Amino acid sequence: LRYRGGYDTLCHSLLTILLEFFEWVFRCIGQFFFIPDKFARNYGLLGCIVGIVVCPLYFLRSIYGMVVTMIDRLGVTVANSIFRKRWLYFIDKGMCAKAYRDTSSLSVIERQLPNASVRSIRAARKIAIDAEKAFQECKPDFPLDHWHWREVKTETLESKVTGQGSKFGIGLSEEEFQILKERLNWAKKRMEYM
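Residues numbered from 1 in each chain as written. Predicted model: local features only at pLDDT ≥ 70, side-chain atom pairs only at ≥ 80, totals over all residues. Heavy atoms only, no water.

Colleague: Is there a simple way to think about the overall build of the chain in this case?
Modeller: Tallying secondary structure elements over the chain gives five helices and zero strands in all. Across the chain, helices and strands are ordered from the amino to the carboxyl terminus as α-α-α-α-α. For the chain, long-range pairs separated by at least 24 residues make up 48% of all intrachain contacts whose partners lie at least 6 apart in sequence. Surface summary for the chain: the accessible area is close to 13,900 Å², and the carbon and sulfur share equals 62%. (Helix = DSSP H or I, 4+ residues; strand = E, 2+ residues; numbered from the N terminus. Contact = heavy atoms within 4.5 Å. Areas by Shrake-Rupley, 256 points an atom, 1.4 Å probe, with all protein chains shown as cover.)

Next comes the structure, spelled out in structure tokens:
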């Protein structure tokens, strides 16, 4: 989150909203210069003329982005400062970075790998997807002192993964599943969150 540092207290939140508002204002005004310049660099004189014609549309799109962002920031400010929530966004999910992308197809590299390797990769992917689902079902949240990662209660995660009738751990061998249970039990005794 680009402006994460400024949303902890009401005063910092309002200052950050003000700074981000001015950034958006300059970005909106800049559309009248950047778009014709971009089109001119790509398509020459005709591109510049087209850029001048379409720059009001880019300006309106920037205004829309500014309004959505400001409503989002005000919502986050009210939620975090007044109601003591730990929200990163209110309506603009774009503020949450996507660190991973879905690469569910191995078709590009499948031809270059032996079948055993492809099966191993698919099995590892299934285990990772199951682990992510188990983690998400535990309702992860950000700790109080940072926003870099989310945590769940160790006890909740252990019960979700190793409990009776658990649908997770299916992709693990019996030996791997026992190792996982031992490690979660060890972690539960030493830390409240993971």
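That was the structure; now back to the text.
Colleague: Please clarify how helix α4 (residues 154-162) should be interpreted in this entry.
Modeller: Because each turn of an α-helix spans 3.6 residues, side chains separated by three or four positions end up pointing in the same direction. Among the residues of α4, T154, L157, E158, V161 and T162 are the ones counted as buried. Along the axis of α4, the buried positions cluster into a sector of 100°, meaning they face one direction only. In this structure, the buried residues of α4 make contact with α3 (115-137) and α5 (174-190). (Buried < 20%, exposed > 50% of the residue type's maximum accessible area, 1.4 Å probe, protein only. Arc of directions from axis to C-beta.)

Colleague: Looking at this model, I keep getting lost on the packing of aromatic side chains. Mind explaining?
Modeller: The geometry of an aromatic ring pair is captured by the separation of the ring centres together with the interplanar angle, meaning the angle of the planes. This model, assessed by the stated rule, comprises four aromatic pairs. Arranged with centres 5.6 Å apart and planes meeting at 65°, the rings of F21 and F22 form a pair that is edge-to-face. Judged by relative accessible area, F22 falls into the partly exposed class, the value being 40%. Taking the centre distance of 6.3 Å and the plane angle of 55° together, the rings of F39 and Y43 count as tilted. Taken as a pair, F39 and Y43 lie in helix α1 (residues 10-82) at a separation of four residues, close to a single helical turn. In this structure F39 comes out as buried when scored by relative accessible area, which is 16%. Members of the aromatic cluster, connected to one another through ring pairs, are F39, Y43 and Y58. Over the aromatic face of W24 sits the side chain of R27, whose NZ or CZ is 4.2 Å from the ring centroid. (Phe/Tyr/Trp six-rings, centres within 6.5 Å; stacked < 30°, edge-to-face > 60°. Lys NZ or Arg CZ within 6 Å of the ring centre and 35° of its normal.)

By themselves, these are just geometric observations and shouldn't be taken as functional.
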